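# Summary of the model geometry
So the chains spell out like this:
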Amino acid sequence: MAKAKTIKIKQIGSPIRRPESQKKILIGLGLGKMQKVVERQDTPEVRGAIAKIPHLVTVID
């Protein structure tokens, strides 16, 4: 089987004073603390979550 493609996501912004929906997106991605890096499968759902909070996260290659 082919290995699923993954992306690394790094939190660069603080969720303090952000709307509750943006905080929930961060938690859903597995983030919550500054500079934390997680690896997730590259799916449309994950890309959509990243697109909603581009000021809080960055994609690392």
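Quick note: structure is the one above.
Owing to the predicted nature of the structure, the values given are computational and were not obtained by experimental measurement.

### A short note on the overall build of the chain
A tally of helices and strands in the chain yields two helices and three strands. Against the globule reference of 10 Å for 61 residues, the chain gives a C-alpha radius of gyration of 12 Å, in line with a compact fold. Taken over the C-alpha atoms alone, the chain extends approximately 45 × 20 × 15 Å along its principal axes. Within the chain, the proportion of its 61 residues that are buried is 28%. For the chain, the share of sequence-separated contacts (at least 6 apart) that also reach a separation of at least 24 residues comes to 71%. Accessible area of the chain: about 4400 Å², with a carbon and sulfur share of 55%.

### A closer look at the side chain of Gln11
Looking at the secondary structure, you find Gln11 in strand β1 (residues 6-11). At a separation of 2.8 Å, a polar atom in the side chain of Gln11 contacts the main-chain carbonyl oxygen of Gly13. Polar side-chain contacts of Gln11 include one of 3.3 Å to the backbone nitrogen of Lys33. Leave out the neighbours within four places in its chain, and Gln11 touches Leu26, Leu31, Gly32, Lys33, Met34, Gln35, Lys36, Leu56 and Val57.

The rules behind the values
- Residues numbered from 1 in each chain as written.
- Predicted model: local features only at pLDDT ≥ 70, side-chain atom pairs only at ≥ 80, totals over all residues.
- Heavy atoms only, no water.
- Helix = DSSP H or I, 4+ residues; strand = E, 2+ residues; numbered from the N terminus.
- Rg over C-alpha atoms; globule rule 2.2 N^0.38 Å.
- Buried < 20%, exposed > 50% of the residue type's maximum accessible area, 1.4 Å probe, protein only.
- Contact = heavy atoms within 4.5 Å.
- Areas by Shrake-Rupley, 256 points an atom, 1.4 Å probe, with all protein chains shown as cover.
- Polar contact = N/O pair within 3.5 Å; in protein donor to acceptor, adjacent residues only side chain to side chain.

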